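Listed below are the residues making up each chain.
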Amino acid sequence: MKSLSLLILSACLCLGMLSSSLAQQGKTKEISPKEVRPNAVVTNDLVKGTIDTTLLKKDNLLIGKDSLLIGKDTLTVKKDTTKNGAGLTSQVNIIAADSLSSDFENNIVHLYKGAKVKYQEFEISADYIRLDQTNNQVFASGITDHKGKYVGRPVVLFPNDTPKSVDSLTYDFKNEEGNTYGVMTEVDGGFIQAKIVRKNMYDEMSLYHGLYSTCNLPEPHTHFGFFISKGLVTKNQIIAGPSYLVLESIPLKFAAIPFGFFPKPNKRNSGFLFPSFGEDYTRGFSMRDIGWYFAFNDYWDSEVRASIYSKGSWEANMNTRYQVNYKYNGGFNLRFASTKTGVEGTSNYGTNRDFNVTWNHTQRQEANPGTSFSASVNFGTGSYFRNTGANSTYDYNRLTNNNMSSSISYGKVFADGKVNFTSAFSHNQDISLGTVNVQLPTISLNVATFNPFDSKERVGEQKWYQRITVGYSLQGKNSISTTESEIFKRESLKKFSNGIQHNIPISLSVNALKHFQFNTSVNYTERWYFQSIRKYLENIPSGYREVTDTVQGFNRAYDYSVSSGLSTKIYGMYPKIGKVEAIRHVVTPSINLNYRPDFASDQFGFYRSYQNSNGEVTDYSIFQNGIYGSPSGGRSMGIGFSIDNNIEAKVRSKSDTTGTGFKKIPILQGLTFSGNYNFVADSMKLSNINFSGRTALFNQKINLNFNGTLDPYQMDRNGQRINKYAIQNGKLATVSNFGFSFDYSFNPKAGKSRNESIDSLRNRAGAGLTPEQSATLARISADPNAFVDFNIPWNLAGSFAFQYNKVGLTTRYTSTLNIHGDFSLTPKWKVQFNSGYDFMQKEISLTRFSIYRDLHCWDMSIGWVPFGQFQSYNVTIRAKASLLQDLKLSKRNSHYSNSGF
C-alpha cells in the first residue's frame, strides 16, 4: 500500500473526479422539512423530515384559487422574462407520470411519481420534483412509501456524463449552482459518500462530511476509509479540513490531520510501497515487499521491492511495465534471492543464490502492417521458485513445474504476402536435470507454392502439367545444449552447433478414375554445415581410445526422395438401431510408393569408416552431430499405407417435439493406423504400426485421447527383435507403447464461469490491465483453484493420464490422477481443494485446501498444505478495491518450519 499521505491524496483525487460526474452548483434556497428524506443531514436551517404524501392519492383533485391538480399529464413551461429581463434562456419540459399540481399564486409546479424535468441538456427524474419558476430553481427528492422505505431517489444527468443517483438536490437554472445531498459514487474500485456536495460555475467543488471507503453500502459495515469533515477541490489542488482514519467503523481520531494542502496532478506519481510483516521459522522475522513506485511518464512505470529476513535471507525484484496505445505493450520482471539454508555453525549451513527473469511484449498488428514482433521470456536458476516457495505464494504450478522456456520472434512479409521471413530466439530449460538448450537465433524463409508452368492468360481448366506446384523454404539455426552452471562460461561459445537447410518440394495432384486422388511428389533437401566430425583411434598407455574431432569448414549434404500414391473415401451407413437413426462410417485409405537412394555409399562422400577399439570396421556419418541431421544410409523402396476412420451416430434429440430434430454424436474421431513396408531392406521390412484416435463420452463431457505403437515382430529371450512376424507365433502384434488421458467436470457451469472471467479480463487488455488484473489473469489461466466464484455452489473435476512403454524386456508406465473442486458452505463461505495421486511413485501429490470468506468489501482466505515438502499455512485479508490491492494483512507459517527445527 502507498504511504498514508498518498492514500489520503488518492481519496481526495477520487473526490475530484466526482466533480466531473455531478454538475450541481452553489447557492440554494432553504428547503421545507417535509421535503428532505429522513436520513439526509443538511446545513443551515435545513432539518430532518419526510415528504408530505397527502397529495399523492391518484383520485385526489384540488380545484381552487391557488392550485390545480392534473393527473398523468405533461406541461411545457415557456421561457419567462422578468422585469429586468433576466429569465430562463430556453423552455423547460416537465413530465409527471402520476400527477401534477400548480400553485399559480407562487408560480410553483409540483410533480409526483415518475416526474422528469429537462432544461437544455440538464435532465432530472425523481418521485417528487418542485419547480419554482419565479426563482428559476428546482428541488428533487424521493418519497417515503407506506412501508417507511425511501424510494424514487433522484437520478440526474448532465451533458457528456453518466446518470448519478442521489438522495436529494437543489439546482438554480439561472446561476447554474446547486447542492447535492447523500451522494455516492464509485471511483477506481473505491466509494465516496458525502452528505453535501456543491459545485459553482468556476469549477470549484466543496464537500461536507465526506467518506472514502472500500464498501458500497449506505452504512459501511466493514471498511477502511478516510473521513473528511470539509474540503475544497479546485483545478490544481485539494484543501482539506480536519480528516481522520476510519477502520471497521471505528474512528481513529488520534491519526487525524487538522488540515492539508495536496496537489492534484493529472498523472501518476512516484511513492512509497508499504510492506507486509510475518515470521518464518527458518528465515526468521520478515518484512516483505517494501519498496518504491516510479512513475516515469504516461508510457512506463516500475516497482522496486525487497524482502528482508532476520536470519540473513533476502529477496529483491524490479517489475517494469510499458504501453504505447495502438502500438505495443509489455513488461519485464527481474528477481534475485539469497536464501540461507541449514543451521549456522554446522557443515550443512550455506547460501543459495537464485535469479529469475521474465519479459513479455506484444505488438499491435495495425501498428506496423506486414511486420510482427513478440516476446515471452522466462529463464533463471531452476531452484528459484523452490527455494523461495514461489515468492511465498506456494503456487502449485510453479512449485511443480520442471520446465522454463522463452521465445522472442520477429516476422516480415514480402512480395505481397508470397514471401515470409521470421527470426527467433528461444530457450528451453529442464529444471529437474539442470540442462539448458538455447537457440540463438533461428531463421526461416518460406516462399508460397506456385505453378511454374501455368499461364496468367490461361482460359479454361488447367492441364495436368499446369497443376505442378513448386515451393521453397530455408531454415537456419545456431544452438547449444549445456548445463545451468556452464551456460555463461566463455568455453561454452565453442560448443555452438549451427547450419542452414534448404527444402524444395515439387508435387502434382490430379483426380484419377473419378473416385481416387492421385498424388506424386519429389522432395529435395540440402544442408549447409560449418563443422563436420572425424573419428579415429588414439594410442594411450592403457591401450586405445576412440576420439571424435570437430573439423571447421564448409560442407554440404543433400538427399532426395520420390513418392506417388492414391487415396479415396469410402462411406458406410448402418441401419437404425433403437433410438439411433443411423450410424455413418467414413474410411479414408491411402497408399503410396516411395524411393530413396543409399546416401551412405562412397559416391556421395557423406559417410566414412574407422576401426574401433574392438578391431571392427564401423561406418559413421561426418554430419551425425549436425543440427539438421545427416542423409540417411541404406536404400529404401517401399509402400507406405494409412487408414483413417470416423464413426458418428445420428440420434433423435430429446428436446425436439416436432419429430424432425436430430443431433450427431461422435463415436470415434481420427482413428488412424499407419506404417511402411521396405522392399529392399535386408530384414524387418515392415515398420511399426502407429495408431491414434479420440472420442467424447457422456454428451461430450469427457474427452478421451489415446495413441500407441504396434510392433509386428517377435522378441527373443533377451528382448531383442528378431526377423519373425508375431502372427507366426499366434499374436497379431506386440504393443510397444500405449497411452490415454481424459478429463471431466461434474459441473460444466463452473468451467464456463471461469472461461468467461478470463475472457472479460482479456477484453480489457486493449485499455491496459492494471498489475492486479494481469496477475489475476495469469493466476486463473494457470490454476483452476485461483478463481473463486461464489455464484457457483459447487464444482468437482478430475483428470487421469496413463502411459505404457516397453523397451526390450523393460516395462515402464506412469499413471496419475488429479482431483480439484470447491463447494460453498454458505453464500459467503467457500472451500477449495486440490489433490492427486501418482500411482507410479505410490504417493499423494501436492494437496492444498483453501477457505474463502466474502466480507463484502474485503476478502479473507486461508490456505493450508497439510503434509509434504511444502507443508504450510497462510491467512490473508485483502481489500477488494483495485486501488487498495497492496493493502493486505497476512500471517504465514511456511514449509520452512518443517526443515528439522
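Residues numbered from 1 in each chain as written. Predicted model: local features only at pLDDT ≥ 70, side-chain atom pairs only at ≥ 80, totals over all residues. Heavy atoms only, no water.

A few words on the overall build of the chain. For the chain, the count of helices and strands is five helices and 52 strands. For the chain, buried positions account for 38% of its 901 residues. Looking at the chain as shown, the accessible area adds up to about 50,400 Å², and 55% of this sits on carbon and sulfur atoms. (Helix = DSSP H or I, 4+ residues; strand = E, 2+ residues; numbered from the N terminus. Buried < 20%, exposed > 50% of the residue type's maximum accessible area, 1.4 Å probe, protein only. Areas by Shrake-Rupley, 256 points an atom, 1.4 Å probe, with all protein chains shown as cover.)

Further remarks concern the pairing of strand S16 (residues 243-247). Counting buried positions over the five residues of S16 gives four, a clear majority of the element. Where S16 meets strand S17 (residues 250-257), four bridges bridge the pair, whose relative direction is antiparallel. Residue pairing in the sheet places Val 246 in a bridge with Pro 251 of S17. (Pairing = 2+ DSSP bridges.)

The next subject is the packing of aromatic side chains. Evaluated as defined, the whole model comprises 32 aromatic pairs. On the numbers, 5.9 Å between centres and 25° between planes, the contact of Phe 604 with Phe 606 is stacked. Summarising the aromatic geometry, the rings of Tyr 837 and Phe 839 are spaced 4.9 Å apart at their centres and angled 75° between planes, so their arrangement reads as edge-to-face. A residue is classified by how much of its surface remains accessible, and Phe 839, at 35% relative accessible area, is partly exposed. Of the aromatic side chains, those joined through ring pairs into one cluster are Phe 673, Phe 691, Phe 738, Phe 740, Phe 742, Phe 800, Phe 802, Tyr 837 and Phe 839. (Phe/Tyr/Trp six-rings, centres within 6.5 Å; stacked < 30°, edge-to-face > 60°.)

Core analysis: the largest hydrophobic core is formed by 30 residues, its most contacted members being Ile 94, Leu 111, Val 117, Ile 124, Ile 129, Leu 131 and Phe 173. Among the nonpolar cores identified, the runner-up in size contains 12 residues, and Tyr 529, Ile 533, Phe 606 and Phe 623 belong to it. (Core = buried A, V, L, I, M, F, W, Y, C linked by side-chain atoms within 4.5 Å.)

Note that the residue after Leu 440, namely Pro 441, is joined by a cis bond; omega there is -10°. Tracing the backbone shows Pro 441 in strand S29 (residues 435-450). Of note, Asp 289 is a non-glycine position whose phi angle comes to about 60°, a positive value. Here Asp 289 lies in strand S21 (residues 284-295). Phi is positive for Lys 514, close to 65°, though the residue is something other than glycine. On the secondary structure map, Lys 514 appears in the loop between strand S31 (497-512) and strand S32 (516-540).

Before going further, it helps to spend a moment on a nonpolar patch on the surface. Together, Phe 746, Trp 794, Leu 796, Leu 817, Ile 819, Phe 823, Leu 825, Trp 829, Phe 839 and Ile 851 make up an exposed nonpolar region whose accessible area comes to about 840 Å². At the level of elements, strand S45 (794-807) and strand S46 (810-826) are the ones that each hand at least two residues to the nonpolar patch. Per-element tally for the nonpolar patch: the top contributor is S46, with four residues. In this fold, Trp 794 is placed in strand S45. Under the relative-accessibility criterion, Trp 794 is labelled partly exposed at 40%. (Patch = residues over 30% accessible without salt bridge, like charges linked within 9 Å, V, L, I, M, F, W, Y side chains within 5 Å. Salt bridge = Lys/Arg side-chain N within 4 Å of Asp/Glu carboxyl O.)

Another point: the confidence of the model for the chain. In this model, the chain carries an average pLDDT of 76, and 75% of its residues clear a pLDDT of 70 or more. Per-residue pLDDT stays below 50 along residues 1-86; that stretch engages in 210 contacts with residues further than four places along the chain or on separate chains. Long-range and interchain partners of residues 764-773, a stretch whose pLDDT sits below 50, account for 13 contacts in this model, where long-range means more than four residues apart. (pLDDT = per-residue confidence, 0-100. Contact = heavy atoms within 4.5 Å.)

Bridge count for strand S40 (residues 689-697) against strand S41 (residues 702-711) is nine bridges, and the pairing is antiparallel. Along S41, the bridge assignment pairs Phe 691 with Gly 708. In terms of strand pairing, S41 meets strand S44 (residues 734-745) through nine bridges, oriented antiparallel. Across the sheet, Leu 704 pairs through a bridge with Phe 742, a residue of S44.

Looking now at the pattern of salt bridges. Using the criterion set out here, one finds 13 salt bridges in the structure. Residues Arg 584 and Glu 648 are paired through a salt bridge, measuring 3.4 Å at the closest nitrogen-oxygen approach. Residue Arg 584 is found in strand S35 (residues 580-596), and its partner Glu 648 is found in strand S38 (residues 636-652); the two are separated by 64 residues along the sequence. A single salt-bridge network, built from bridges that share partners, covers Asp 301, Glu 303, Arg 305 and Arg 321.

This paragraph deals with the environment of Ile 290. Mapping Ile 290 onto the fold places it in strand S21. The class of Ile 290 is partly exposed, set by a relative accessible area of 23%. Distance in space between the C-alpha atoms of Ile 290 and Phe 274 is 5.6 Å, their sequence separation being 16 residues. Discounting chain neighbours no more than four positions away, the residues touching Ile 290 are Phe 272, Leu 273, Pro 275, Val 304, Arg 305 and Ala 306.

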